[in-house]
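Listed below are the residues making up each chain.
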Amino acid sequence: MENSSYLHMFIEETKEHLQQLNEQLLILEKDHSDQEAIHAVFRSAHTIKGMAATMGFEPMVWVTHDMENVLDAIRNGRASITPDHMDVLFKAVDLLETQLAAVENGEDLNGIDTSEVVEELQRLLGESGGGEPVGPSPASAAAPGPAGAEAPPEGGSGPSAEGAVQAWQLDAFQESVAKEAKREGLGVLQILVRIDEGCVLKAARAYMVVDTCEEYGELVKVEPSVEELEQGKMDQEIRLLLILKRGTPEAVRDALMGISEVRHVSVEPWTAVAESVSPPPAATPKAGPAAKAAAQKEDLKAKASTRGLKSVRVDIERLDALMNLFSELVIDRTRIEELAKTSGHQELLATVEHMARISSDLQNLVMTIRMVPVETVFNRFPRMVRDLAREMGKQVEFVVRGGDTGLDRTVIDEIGDPLVHLLRNAVDHGLETPEERRAAGKPETGLVQLVAYHSGNQVFIEVSDDGRGVDREKVIRKAIERGLIDPGQANSLTDGQVYDLLFQPGFSTKEVVSDVSGRGVGLDVVKSKLEQVGGKVQVQSKPGQGTKWIIQLPLTLSIIQAMLVSIAGEKYAVPLHSIVETAVIARKDIRDLHGQQVIPFRGRVIPLIDLEQLYDLRRPEVRDEENVLIVRRGERYGAFIVDEFLGQQEIVLKSLGRYLQQVFSIAGATVLGDGQVALIIDCNAFLAA
Amino acid sequence: MEQQGRELAQEIKVIVFQLGSEEYGVEVHQVLSIERMQKITRVPRTPAFVKGVINLRGVVTPVIDLRARFGLPEVEYTEDTRIVVVSVNDMEVGLIVDAANDVIDVPVNRIDPPPAVVGGVKADYLRGVAKLDDRLLVLLNLDRVLNAQEVAQLSAMSW
């Protein structure tokens, strides 16, 4: 077998099984008696072992072999699960992940030390006083499935006999194609291929079978369907109806037998159902309960892997190009709409209106194509929280909801780290120890929740715990210590303001700096990372009841809400998320403070940003009353004068091109309805520390 | 025959445009399109030769004034003024020129290295000078003319 062509398949499938292992081990950890989870873990370990053996990745076989033995002892009731078991099994999964990463990078597996994990697994096995003799033998790589699942002997009661072959159900189309071929004098063959029981990469074999058949003619029917085969959703048998265009039936048979792990091939001429006695569909070959069990097993596997199928990978740049072309179309549409209106041509108006509807549907479609469910990020957290909880000596129930919430690809890539941080924070700082919780009259097991949902044009992700809550006094004490606030200010601060202090650089209230969090790099990084993608984060907390971190993210980065303004005849767009409000100020209220112009705003004094000077603008007149836009970046406020507010609208964010990469305070540009380019002001640049 | 064939192969196709009385050329494969003058959105805090950005079929494209880039005196834009949109190192940039109206084949063996200064333009920006029957064509070195790093530095310095 040519390994390289299956390497990709091996990596993908192993990844799925590793994810499955993690998920099922977590379930098992909660409920030691969950038989289904034990079996699922065993199956995944077994499958990985088999695949690794086929691919020649011996070190992975050693690890999975011992895992299997440990699991087998549990399964048979020879050993009961202890926390020790769980730790070692998780460690083994980690090791497999490391090994797989090495395989993926084309590194040598022998460079990874497996001895520690293997020794621990064998120690567990020794404790349970049983298991197979240590050290994997090649024979044990074969499936030790239930004896009943053995394939029936060739020519036996199995479905290779005539009767079974006639049981084929063809739909009208397939039948007419087959009949037509016969009429044309082409041979129509019904082929039954049985693949070896121990075959691990069944999907690969099935693919080779289909591929081989296609070399000889046209396939009318494949059962299970090609989709099902790709998912490995099959027993040992594949049935194919082939219109023979090249070669002889014998040649087809020989070619199919030539595929390794193919155990039996029968090739017979097809006869239309009407021409023969059609047996009842009940005769469809399903060899007893064992085969059924095997089918169920495959079903389970298929269920676990149905996601992400029938999909196409597309370079994100192509989607951007699509988006560009689309927005160009929108601009033209607006023009045509105007032309149609002036012409007053009724049919034209109706057509344009229809076009407008289609283009808005199209826009939604393009947007959703860029969406990725947040679970691609969430997937790894259950395991992480579990490890953390063990490390910290805490008991945690971790609940994830809304994993299917979609978010723009570019945003997805950025939220992983902030979420890791907040979750760590929740387990480390948020939750109390079991003793503390008991003393406070709470259940010993703390609850950490990760919830995602849509709301309007935003996606919210909440990380909450039912722990001790943020200690207001402690935060204030720390803030005074760090010189962030005056002692005199302390009592006048609202809770919200106090919590915001947590996001100040270098702020950490944890007294003992733990390994997990509280390393000083912290919430300020979380905040700035989220702000980079146009997001926000807030805290809500009740002493003794818990803390909730609320992250607000834009659904997409490429379309943003903005306010259009004109200044000295130039149009600019200001992202709505940085605008506090619009206001009118009297010129006499503009003061000069150490060379900086300032204006009063809601009880505070905020700087007036001199856009005229910064952007080299020439406003024709100075008015007594000026329109100002109040903007903020976190707690920093600022204002700038504009001539006119042109209204709020959705704009498509575009870059200025590679030639103009870093222009001060310009976040990009957008094309307006009239085809003109307006620059997007990045207010954060003015409000920098 | 063979000799001739090779000579044919060693011709480059060049788009010719004018700056003042001089004729300049860029290789045709570097040119994406030639546009009429249109409304340019100024981008503040960029070097003076960066005139701003235009909407080129949905793509926001920076535009520079080639006269200003070469330190030549700027002139009013006229009916003949064109924006030659070029693509160099994955950068798309429009070059404002006095006029653009010709495509010619230039035999490579007619191209000489540039003298230190041609019509006020530093040799640094030039690839060579081609002497054709009755005209002198200055070939531009767009890699040097369009230097994003230089723009970034100039942007930062001028403020």
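Presented here is an overview of the structure given in this document. (Residues numbered from 1 in each chain as written. Chains lettered and ligands numbered in written order. Predicted model: local features only at pLDDT ≥ 70, side-chain atom pairs only at ≥ 80, totals over all residues. Heavy atoms only, no water.)

Another point: the overall build of chain A. Secondary structure assignment for chain A yields 21 helices and 22 strands. Sequence-distant contacts, at least 24 apart, represent 71% of the contacts inside chain A between residues at least 6 apart. Carbon and sulfur atoms form 51% of the exposed surface of chain A, whose accessible area is close to 34,100 Å². (Helix = DSSP H or I, 4+ residues; strand = E, 2+ residues; numbered from the N terminus. Contact = heavy atoms within 4.5 Å. Areas by Shrake-Rupley, 256 points an atom, 1.4 Å probe, with all protein chains shown as cover.)

A word on the pattern of salt bridges. Close approach of charged atoms allows side chains of opposite charge to pair. Residues and elements named next belong to chain A. Counting across every chain of the model gives 42 salt bridges over all chains. Here E218 and K245 are joined by a salt bridge, their closest N and O atoms 2.9 Å apart. Placement of the pair is E218 in strand 2 (residues 217-223) and K245 in the loop between strand 3 (237-244) and helix 10 (249-257), with a sequence separation of 27 residues. Of the residues examined, K245 reaches a relative accessible area of 44% and is grouped as partly exposed. The partner of R619 in a salt bridge is D643, and the shortest N-O contact between them spans 2.7 Å. Taken together, the residues span a long stretch of sequence, with R619 in the loop between helix 21 (611-614) and strand 18 (625-633) and D643 in the loop between strand 19 (636-642) and strand 20 (644-652) at a distance of 24 residues. Relative accessible area serves as the criterion here: at 10%, R619 is assigned to the buried category. (Salt bridge = Lys/Arg side-chain N within 4 Å of Asp/Glu carboxyl O. Buried < 20%, exposed > 50% of the residue type's maximum accessible area, 1.4 Å probe, protein only.)

Attention shifts here to the pairing of strand 6 (residues 82-88) of chain B. All names here are of chain B. With respect to burial, strand 6 is a largely interior element, six of its seven residues being buried. In this sheet, strand 6 lies alongside strand 3 (residues 31-36) in antiparallel orientation, the contact comprising five bridges. Along strand 6, the bridge assignment pairs R36 with R82. Judged from the seven bridges that link them, strand 6 and strand 7 (residues 91-97) form a sheet pairing that is antiparallel. Within the sheet, the bridge partner assigned to I83 lies in strand 7 and is I96. Counted between consecutive antiparallel strands, the loop separating strand 6 from strand 7 contains two residues, among which N89 sits at a positive phi close to 50°. (Pairing = 2+ DSSP bridges.)

Quick look at the interface of chain B and chain A now. Across the boundary between the two partners, chain B contributes 26 residues, which contact 25 residues of chain A. Buried surface at the junction of chain B and chain A, summed over both partners, amounts to about 2,300 Å²; 62% is from carbon and sulfur atoms. Per-residue buried area on chain B facing chain A is highest for B:R42, B:R45 and B:V60; these three make up 27% of the total on that side. There are one salt bridge connecting chain B and chain A. B:R42 is the salt-bridge partner of A:E570, the closest N and O atoms lying 2.7 Å from each other. Taken together, the links from chain B to chain A amount to four residue pairs in polar contact (both at pLDDT 80 or more). Counting only elements with at least two residues in the side of chain B that touches chain A, the list comes to strand 4 (50-56), strand 5 (59-65), strand 7 and helix 4 (148-157) of chain B. Top contributing element to the side of chain B that touches chain A by residue count: strand 4 of chain B, with four residues. (Buried area = accessible area lost by both parts, 1.4 Å probe. Polar contact = N/O pair within 3.5 Å; in protein donor to acceptor, adjacent residues only side chain to side chain.)

Okay, the sheet that holds strand 7 of chain B next. Residue and element names in this part refer to chain B. In spatial order, the strands read 3-6-7-5-4; together these five strands make up an open sheet with mixed pairing. Of all strands in the sheet, those bounded by a partner on one side alone are strand 3 and strand 4. The sheet shows a mean angle of 30° between the axes of neighbouring strands, taken without regard to direction. (Axes fitted to C-alpha atoms, helices over the stretch in contact; angles between N-to-C directions.)

Here we take up helix 18 (residues 472-481) of chain A. Residues and elements named next belong to chain A. All of the buried residues along helix 18 are R472, V475, I476, K478 and A479. One side of helix 18 carries all its buried residues, which in axial view fall inside an arc of 165°. Among the exposed residues of helix 18, those pointing more than 90 degrees away from its buried face are R477 and E481. Packed against the buried residues of helix 18 are helix 19 (495-500). Between the side-chain oxygen at the start of helix 18 and the backbone nitrogen of E473 there is a gap of 3.1 Å, and the oxygen is on D471. (Arc of directions from axis to C-beta.)

To continue, consider the nonpolar core. If you look at the biggest cluster of nonpolar residues, it comprises 64 residues, and the most contacted ones within it are A:F640, A:L656, A:Y659, B:F17, B:L66, B:F70 and B:L146. Counting residues per element, this core draws most heavily on strand 7 of chain B, which supplies four residues. Ignoring anything within four residues of it in the chain, the contact list for A:F640 reads A:V574, A:L608, A:I609, A:L611, A:N627, A:V628, A:L629, A:V631, A:I681, A:C683 and A:F686. Core analysis: the second largest hydrophobic core is formed by 50 residues, A:L419, A:A426, A:F507 and A:I551 among them. (Core = buried A, V, L, I, M, F, W, Y, C linked by side-chain atoms within 4.5 Å.)

Let us look at unusual backbone geometry. Residues and elements named next belong to chain A. Each neighbour pair has its own omega, and for E223 with P224 the value is -5°, a cis peptide bond. Structurally, P224 can be placed in the loop between strand 2 and helix 9 (226-230). Phi at H594 is positive, roughly 45°, even though this residue is not glycine. Classification of H594 as exposed rests on a relative accessible area of 80%. Phi at R602 is positive, roughly 45°, even though this residue is not glycine. Position of R602 relative to the elements: it lies in the loop between strand 16 (596-601) and strand 17 (604-609). Using a relative accessible area of 64% as the deciding quantity, one classes R602 as exposed.

Glancing now at the packing of aromatic side chains. This model, assessed by the stated rule, comprises 12 aromatic pairs over all chains. Note on A:F640 and A:F686: the rings are 6.3 Å apart at their centroids and 70° apart in plane angle, and the pair reads as edge-to-face. With A:F640 in strand 19 and A:F686 in the segment after strand 22 (677-681), the pair connects residues that are 46 residues apart, well separated along the chain. Here a set of aromatic residues connected by ring pairs shows up, and it is made of A:Y572, A:Y615, A:F640, A:F664 and A:F686. Note that A:R75 overlies the ring of A:F42, its terminal NZ or CZ placed 3.8 Å from the centroid. For the cation-ring pair, B:R69 lies above B:F49, with the distance from its terminal atom to the ring centre recorded as 4.6 Å. (Phe/Tyr/Trp six-rings, centres within 6.5 Å; stacked < 30°, edge-to-face > 60°. Lys NZ or Arg CZ within 6 Å of the ring centre and 35° of its normal.)

Let us now look at the sheet that holds strand 9 (residues 111-112) of chain B. Residues and elements named next belong to chain B. As summarised here, the arrangement of the six strands in space is 8-1-2-13-12-9, forming an open sheet in which the pairing is mixed. Across the chains shown, the open sheet's two edge strands, defined by having one partner strand only, are strand 8 (99-107) and strand 9. The pairing of strand 2 (residues 22-27) with strand 13 (residues 136-140) spans three bridges and is classified as parallel. Bridging from a neighbouring strand, E23 pairs with L137 of strand 13.

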